[in-house]
Amino acid sequence: MARNIILSYLFLFLVVITLLLLATHPAYYPHLQTDVFVFYQRTSFFISNFYLTNLTGNEYPPGAMLFFILTSPLLLINNSFETYKLVLFIANFILIFFLSVIYIKFTKAENIIIFAIILLFTGPIIFFRFDLLVVALVALSFYLWKEKKTALSLFLLSFATLIKVYPIIFIPYLLILSYKNNGLNQIVKNFLIYLLGIIFLVSLYLFIFQADIKNLYYSLNYHTLKPIGLESVWATIIMLITYFKNGTNFQIITSEGIWGISSNLQIAPLWLYNYIWIVPLALLHLWFIKKINNKLLNFDIKFCLINILLFLLFSKVIAPQYILWFSLLLPLVDIKNLIFKTEWIINLFLILLIVFLYQYIYPLNYSEWLNMFKLNMGIAPLFLINALRNFLLVLLAVRLFNQLKSAYA
C-alpha cells in the first residue's frame, strides 16, 4: 500500500511540474492569464480598502470573493499582478494534493494516477482558475456524506455553491437519499442545514466585508446575461442549422466576458437557454425515484457523474475549465471499475479525448478559433473539432446513463 502511494504521488508530482512548465509557454500563457488579471483586480480592491463596498461590476459570487480575500495577505507586502499570480499558483498546487488525499480516502491511492492523467490531458489551465477549489469542496462533501457526517457535508456543499452555483444540482439527489434512508424529517433537517450554510456565508460576505446587496445581486445574475457560448452544444446545433438552412456565416459577439453567437441566431429566447438544463435533470431524478422503490440507498458517484454531465451538456456556456467539474469526479469511481471493466476504460478514453480537444481549441488555437468566425470561414476544421468534442460529450452521457440503468435494473 505504501509503495503504491509513493509511486502514485511521484507520477502526480511529475505531471504537476510538467503543467507548471507549460503554464509559462507562449502557446498557453497569453490567453490563460487574462482571468487571473481580473482576480487580481478584485483582490487588490480589498487589500486597498479592507471592505467590498463600491466594488462595482463584480461578476464573482460571495464564495469566490472570499477565496480571493484568503489569497490576498501577500499583496500587503507586494501588491502586484505577478505576486497574485504566484499566490494563485501556490493555492492550486496545494489544492491538487488536497484533492489527491480525498481520492485516497474515497477509493484507493491508485486513483491518483487517473487524476494525474486527466490533469495532464486538460493542460495548465488549472493553475489559472479557481475551479479546483470548488471541485475539492464537492469531493470532500461527498466523502463526508459517505462517512455519515451529513451536516458538515452539506455545509461544505453550501460553500461550494457560493463559489460556483452548479453544486446546487447535487442537493435533490442527496435529499432523495435522506428520504429513502431516514424519512421525511431528515429531508427537512438536511435542507435547512444547506440553506443555513448559505445564509451564514452570505451574511459573512455582506456584514463582515461590507459588500453591497446590489452588487451581490449583480454577481448572482451575471451569468444569465451572457450570450450562448461559442463552444457550447447549443451553439454547435444552432450554427449547423443556420449554415445548412441559409448558407450564411456565423455572426458572433463579445459580451459579459465571453464570445458567443449573435442574438439574431437564437432559436429561442435567452432565458430558455439559461434554465433548460432543469428539464433533463428533473427527468433524471424522476427516473431515479421510480427505479429505487423502497430500497435503502448508498451514495453512488455514478449518479453524480451523469447529473453534472447533463448539466454541462444543456448549459449555454461550457468553458474549458467547466469540464473539470465533471472530469475530476471520475477518480472517485472505484479503480477496479476504471482499469478492469471495458465500459469504464472506454469512458476514461472518451473523457481524456474530450479534455484534450478543449485544450486544443483553448488556449492552443484560440486566436484561430475566433478568426474562423470573424473571417466568415463557415464549417472550418476547428469548428468540426469543437462539434466532435460536443458529440463525444453526448455519447459519454448516453453511455453513463445506460450504465446507471443497468445498475438499477
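Every value quoted in this text rests on a predicted model; they were computed, and no experiment measured them.

For the rest of this paragraph, the subject is helix 9 (residues 184-208). Taking 1.5 Å of rise per residue, 25 residues should cover 36 Å, and helix 9 covers 36 Å from first to last C-alpha, within 8% of that figure. Taken together, the buried positions of helix 9 are occupied by Gln 186, Asn 190, Tyr 194, Gly 197, Ile 198, Leu 201, Val 202, Tyr 205 and Leu 206. Residues of helix 9 that are buried in the fold lie against helix 3 (62-70), helix 6 (131-146), helix 7 (150-163), helix 8 (171-182) and helix 10 (213-221). Of the residues trailing helix 9, Gln 210 is marked for its positive phi of about 55°.

Counting 158 residues, the largest nonpolar core has Leu 99, Phe 142, Phe 170, Phe 299, Ile 308 and Leu 328 as the members making the most contacts within it. Per-element tally for this core: the top contributor is helix 6, with 13 residues.

What follows deals with the pattern of salt bridges. The full count for this structure, using the stated rule, is five salt bridges. Arg 42 is the partner of Glu 59 in a salt bridge, and the nearest nitrogen-oxygen pair spans 2.8 Å. With a gap of 17 residues between them, Glu 59 in the loop between helix 2 (29-49) and helix 3 and Arg 42 in helix 2 connect regions that are remote in the sequence. With a relative accessible area of 11%, Arg 42 lands in the buried category. The salt bridge partner of Lys 85 is Glu 82, with a shortest N-O separation of 3.1 Å. Residue Lys 85 and its partner Glu 82 are located together in helix 4 (residues 81-106), separated by three residues, close to a single helical turn. What makes Lys 85 buried here is its relative accessible area of 14%. For Glu 82, a relative accessible area of 47% corresponds to the partly exposed category.

This part takes up the packing of helix 4 against helix 6. The axes of two packed helices give the description: the angle between them and the distance between them. Where helix 4 contacts helix 6, the axes come no closer than 10 Å and their chain directions differ by 20°. With respect to each other, helix 4 and helix 6 are oriented roughly parallel. The chirality of how helix 4 crosses helix 6 is left-handed. In this structure, helix 4 uses Asn 92, Leu 95, Ile 96, Phe 98, Leu 99, Ile 102, Lys 105 and Phe 106 to contact helix 6, whose residues at the interface are Leu 132, Leu 133, Val 135, Ala 136, Ala 139, Leu 140, Phe 142, Tyr 143 and Lys 146. For the contact of helix 4 with helix 6, the class distribution of residues is 14 nonpolar, one polar and two charged.

A few words now on the pairing of strand 2 (residues 258-261). Looking at chain direction, strand 1 (residues 252-255) and strand 2 are connected through four bridges and run antiparallel. Across the sheet, the residue bridging to Ile 252 is Ile 261, located in strand 2. Linking strand 1 back to strand 2 in an antiparallel pair, the connection comprises two residues, with Glu 256 at a positive phi of about 50°.

The next subject is the layout of surface pockets. In this structure, the largest pocket encloses a volume near 1500 Å³. For the lining of the largest pocket, the secondary-structure elements that each account for two or more residues are helix 2, helix 7, helix 10, strand 2, helix 12 (270-275) and helix 14 (301-314). Considering every element that reaches the lining of the largest pocket, the biggest residue donor is helix 2, with six residues. Its residues placed into classes, the lining of the largest pocket shows 29 nonpolar, 12 polar and nine charged.

The subject of this paragraph is the side chain of Ser 153. Within the element layout of this structure, Ser 153 appears in helix 7. Note on Ser 153: relative accessible area 0%, which makes it buried. Excluding its chain neighbours within four sequence positions, the residues that come into contact with Ser 153 are Ser 141, Leu 144 and Trp 145.

We now examine the packing of helix 8 against helix 13 (residues 278-292). Close contact between helix 8 and helix 13 brings their axes to 11 Å; oriented N to C, the two are set at 20°. The angle between the axes of helix 8 and helix 13 places the two elements in the roughly parallel class. The crossing of helix 8 and helix 13 is right-handed. Contacts between helix 8 and helix 13 involve Pro 172, Tyr 173, Ile 176 and Lys 180 on the former and, on the latter, His 285, Phe 288, Ile 289 and Ile 292. Tallied by class, the residues present in the contact of helix 8 with helix 13 amount to six nonpolar, one polar and one charged.

To continue, consider the packing of aromatic side chains. Aromatic rings in a pair are described by how distant their centres are and how their planes are angled relative to each other. The full count for this structure, using the stated rule, is 40 aromatic pairs. Arranged with centres 5.1 Å apart and planes meeting at 85°, the rings of Phe 142 and Phe 170 form a pair that is edge-to-face. Here the residue Phe 142 occupies a position in helix 6, and Phe 170 occupies one in the loop between helix 7 and helix 8, the gap between them amounting to 28 residues. Each member of the pair, Phe 142 together with Phe 170, is buried. Seen in terms of ring centroids, Phe 288 and Phe 303 are 4.7 Å apart; in terms of plane orientation they differ by 50°. Their pairing is tilted. Here Phe 303 lies in helix 14 and Phe 288 lies in helix 13, a separation of 15 residues in the sequence.

Let us now look at the environment of Met 372. Positionally, Met 372 belongs in helix 18 (residues 366-374). Since its relative accessible area comes to 2%, Met 372 is described here as buried. Along the chain, Met 372 and Trp 344 lie 28 residues apart, while their C-alpha atoms are 36 Å from each other.

Definitions and limits used
Residues numbered from 1 in each chain as written. Predicted model: local features only at pLDDT ≥ 70, side-chain atom pairs only at ≥ 80, totals over all residues. Heavy atoms only, no water. Helix = DSSP H or I, 4+ residues; strand = E, 2+ residues; numbered from the N terminus. Expected span 1.5 Å × (residues − 1). Buried < 20%, exposed > 50% of the residue type's maximum accessible area, 1.4 Å probe, protein only. Contact = heavy atoms within 4.5 Å. Core = buried A, V, L, I, M, F, W, Y, C linked by side-chain atoms within 4.5 Å. Salt bridge = Lys/Arg side-chain N within 4 Å of Asp/Glu carboxyl O. Axes fitted to C-alpha atoms, helices over the stretch in contact; angles between N-to-C directions. Parallel < 35°, antiparallel > 145°, perpendicular 65-115°, else oblique. Left-handed = near helix turned anticlockwise from the far one by under 90°. Nonpolar A, V, L, I, M, F, W, Y, C, P; charged D, E, K, R; others polar. Pairing = 2+ DSSP bridges. 1 Å grid on protein atoms, 1.4 Å probe; cavity = no way out; pocket = protein on both sides within 12 Å on 5 of 7 lines; lining within 4 Å. Points joined across faces, edges and corners; volume = space filled by probe spheres on them. Phe/Tyr/Trp six-rings, centres within 6.5 Å; stacked < 30°, edge-to-face > 60°.

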